[in-house]
Amino acid sequence: MKTKKLINAPENIIPEFIEGLIAAYPDMLCVEGSTGRAVVAQQGPRDGKVGIVIGGGSGHEPAFAGYVGQGLADAAAVGNVFASPSPEQILDAGRAADGGAGVVFLYGNYTGDVLNFTMAAEELEAEGTPVRQIAVADDVASAPFERRHERRGVAGDFFVFKCAGAAADLGEPLQRVEELARLANDRCRSMGVALGACSLPQTGTPNFEIGAADMEIGMGLHGEPGMRREPLAPADAVTDVLMEPILRELGLNDGDRVAVLVNGLGATTQLELFLVFRRVKQILDQRSIHIHANWVGEYATSLEMAGASVTLLKLDDALTRLLDHPCRTPALTVGAAAERPVDAQRSVRKTRAIKDVVVLDRATLATGGRITPPAFLAMMRAVSVAIRAQKDWLSQLDGVIGDGDHGVTMDIGWTAVGHVLDAQPRDAVIAQTCEQMAQAFLTAVGASSGPLYAGAFRSAAAAVNTRLNLDSAALAAWIAGMNNGILARGGAKPGDKTMIDAWAPAAEAAAIAAQAGGDERAVLQAACDAAKTGMDDTAGIESRRGRSAKLGLRSIGHIDPGAASAYLTLRAMHEALLGLE
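Residues numbered from 1 in each chain as written. Predicted model: local features only at pLDDT ≥ 70, side-chain atom pairs only at ≥ 80, totals over all residues. Heavy atoms only, no water.

Visitor: Sorry, what's going on with the overall build of the protein chain here?
Guide: When helices and strands are counted, the protein chain shows 17 helices and 14 strands. Taking 581 residues into account, the globule formula puts the C-alpha radius of gyration at 25 Å, and the protein chain, at 25 Å, falls close to it. C-alpha extents for the protein chain along the principal axes are approximately 75 × 60 × 45 Å. When the 581 residues of the protein chain are sorted by exposure, 58% land in the buried category. Across the protein chain, every contact between residues at least 6 apart in sequence was considered, and the portion connecting residues at least 24 apart equals 74%. Summed over all atoms, the accessible surface of the protein chain reaches about 22,000 Å², with 53% contributed by carbon and sulfur. Of the side-chain charges in the protein chain, 53 are positive and 69 negative, and the distance between the mean point of each set is 1 Å. (Helix = DSSP H or I, 4+ residues; strand = E, 2+ residues; numbered from the N terminus. Rg over C-alpha atoms; globule rule 2.2 N^0.38 Å. Buried < 20%, exposed > 50% of the residue type's maximum accessible area, 1.4 Å probe, protein only. Contact = heavy atoms within 4.5 Å. Areas by Shrake-Rupley, 256 points an atom, 1.4 Å probe, with all protein chains shown as cover. Lys, Arg positive; Asp, Glu negative; His and termini not counted. Charge placed at Lys NZ, Arg CZ, Asp CG, Glu CD.)

In structure tokens:
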């Protein structure tokens, strides 16, 4: 059954959200940069202050843009729903926040966010701005303590952002701001429970299923399955379950001080949330642990998901001072924010330098082969059509073991590629077309797929940059380039239950077919067959990468959506080539 949402066109939901947010808080917020996705504090960035940049996917409101303002974050990069912002969007935020003292990037510990923020950090540092990064990892349900670096970032973002923003506002230098943000991250723990699913605006269908009398303990902030599913229990019993691992890991003792966040996931009433806080306080009082500050409400949501999370920050004097420091943002006001210093200045922001486009000399390019530039354009258009036709299936696959957005994300990326293809001359050099496809996909998507497919297209371009047309050997090299680009950026390997489990065997099979003298059709047929087998085989693999890696054995029995989209890509290319005969 389709869910109901108050939206216009799904593809316009993020720019329209940003427009409404800025209109509601014009004294606090503005938008800077060409992407339109960097929300910037009117009274935040200033010369000599460390810039604080936060960001992540939409759908978690008020996170992330709601925490932009005086005394907290200077800018937020706003991604698509449940998808990391792209490097270009993050760079817009980073340049806006840069006051000459360096910039700190803060985001949740998810593959897509790590990839995109790291790419943006590399480019910003190349421009001369020192950058530090902290991936918030507070979710105790997502990995054991000895692998806590793998944990997800959930509502703990709230405390880490607050402490880092205060440190920067107090004038601390870059190294100290980073140290204090890491201290908050290290002393923060969260645990959540889900009672009902959420749905993406683009699909209108619940991204997971849960029984009417069940709850999911340890559910992720994007609907990722949790530690276990069990019958719904009374509020006190559920709160006891959430608090036990938090208390155990923080090692709280008589007289310790904490800050508490009881966070609603989107469809849980204040009535219920205060019942949870009531029990949290009882538990802490019994242990003589003092609550220095607390917040109860919606601070890091998951669209309309029903459920709640509990977050504790173990305080020391330094973190207490930062937590109490005044701030003023749309979602959080603490104390009375001081007036901006009279002598505060904000220099003109840096802008992106236009990179020179390398133009290949067509006269030097090899012309043998059936796949001409017009044929390549037709094949890529066929992929765009195929992904759109199967986006719901891809999202359904992802909803079982991930956050349910893979089909949406791939459709956004390939739609952007389609616009590039429409603007290309019919005889555009294939390598240069691939470079433009890479940039379009990366800018439009973000998430983990954006950097991975951008790396794939660029690697494929390099593999065929001596060709005008592609023959069978060049086509095999192009497929190998796709695989190598994904490997280089993502770090996954065959057997990890990722898109590589389709691309790697496809590249190997294509090379064998080309070496055996097969033509372009035979090469693509071999690649398709191998990708299909690889995709099907992922159902028997335990996931070791990405969000589904948190599921362990529960990921077995389900096809990896990334492998599925890889197969669809090669199949569409093959069918298009046959149709051109």
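Having seen the model, we can carry on.
Visitor: Looking at this structure, I do not really get helix 4 (residues 157-169). What am I missing?
Guide: An α-helical segment advances 3.6 residues per turn. Residues three or four places apart therefore align on the same side. Along its 13 residues, helix 4 runs 18 Å from first to last C-alpha, staying within 8% of the 18 Å computed at 1.5 Å per residue. Of all 13 residues in helix 4, 12 are buried; the element is thus mostly enclosed. Of all the positions in helix 4, only D157, F158, F159, V160, F161, K162, C163, A164, G165, A166, A167 and A168 are classed as buried. Following helix 4 by one or two positions, G171 adopts a phi angle in the positive range, close to 90 degrees. (Expected span 1.5 Å × (residues − 1).)

Visitor: I keep staring at helix 2 (residues 87-97) and nothing clicks. Help me out?
Guide: The buried count for helix 2 comes to 11 of 11 residues, which makes it a mostly enclosed element. Three or more residues of helix 2 are buried, namely P87, E88, Q89, I90, L91, D92, A93, G94, R95, A96 and A97.

Visitor: What am I meant to see in the sheet that holds strand 1 (residues 29-32) here?
Guide: Hydrogen bonds along the backbone pair up the strands of a sheet, which may run parallel or antiparallel. Pairing within the open sheet is mixed, and its 6 strands lie in the order 1-2-4-3-5-6. A single partner strand is all that each edge strand has here, and the edge strands are strand 1 and strand 6 (131-136). Averaged over all pairs of adjacent strands, the angle between strand axes in this sheet comes to 25 degrees, irrespective of strand direction. Two elements, strand 5 (residues 103-108) and strand 6, share 6 bridges in a ladder whose sense is parallel. Counted as the bridge partner of F105 is Q133 from strand 6. Here helix 3 (residues 111-126) sits on the sheet in contact with strand 3 (51-58), strand 5 and strand 6, set at roughly 170 degrees to strand 5. (Pairing = 2+ DSSP bridges. Axes fitted to C-alpha atoms, helices over the stretch in contact; angles between N-to-C directions.)

Visitor: Explanation requested: the packing of helix 15 (residues 500-515) against helix 16 (residues 520-537) in the structure shown.
Guide: Two numbers describe a pair of packed helices, the interaxial angle and the distance between the axes. Orientation of helix 15 relative to helix 16, taken along the N-to-C sense of each, is 150 degrees, at an axis distance of 7 Å. As judged from the angle between their axes, helix 15 and helix 16 are roughly antiparallel. Relative to helix 16, the crossing made by helix 15 is right-handed. Within the contact between the two elements, helix 15 uses D501, A502, P505, A506, A509, A510, A513 and A514 and helix 16 uses A522, V523, A526, A527, A530, A531, G534 and M535. Here the residues of the contact of helix 15 with helix 16 sort into 14 nonpolar, 1 polar and 1 charged. (Parallel < 35°, antiparallel > 145°, perpendicular 65-115°, else oblique. Left-handed = near helix turned anticlockwise from the far one by under 90°. Nonpolar A, V, L, I, M, F, W, Y, C, P; charged D, E, K, R; others polar.)

Visitor: I tried to follow the pairing of strand 7 (residues 188-196) on my own but got confused; where do I start?
Guide: Here is the key point about a regular strand: its side chains alternate between the two faces of the sheet. For strand 7, the tally of buried residues reaches 8 of 9 residues, placing the bulk of the element in the interior. Both strand 7 and strand 12 (residues 306-314) contribute to a ladder of 8 bridges, which runs antiparallel. Across the sheet, residue G196 finds its bridge partner in strand 12, namely A306. Direction of pairing for strand 7 relative to strand 8 (residues 214-217): antiparallel, over a ladder of 2 bridges. When the bridges of strand 8 are listed, V193 appears paired with I217.

Visitor: Help me out: how do you make sense of the sheet that holds strand 11 (residues 290-297) in this one?
Guide: Judged by pairing direction, the sheet is mixed, and its 6 strands sit side by side in the order 9-8-7-12-10-11 without closing on themselves. Each edge of the open sheet is held by one strand with a lone partner, namely strand 9 (228-231) and strand 11. Within the sheet, the average angular offset between the axes of one strand and its neighbour, ignoring direction, is 20 degrees. On top of the sheet, helix 4 reaches strand 7, strand 10 (257-264), strand 11 and strand 12; it is set at about 125 degrees to strand 10, its chief contact.

Visitor: Sorry, what's going on with the packing of helix 10 (residues 391-401) against helix 11 (residues 406-423) here?
Guide: The geometry of helix 10 relative to helix 11 is characterised by a closest axis approach of 6 Å and an angle of 140 degrees between their N-to-C directions. The orientation of helix 10 with respect to helix 11, classified from their angle, is oblique. Contact residues: K391, L394, S395 and D398 in helix 10; H406, G407, V408 and D411 in helix 11. Along the lines of polarity and charge, the residues of the contact of helix 10 with helix 11 split into 2 nonpolar, 3 polar and 3 charged.

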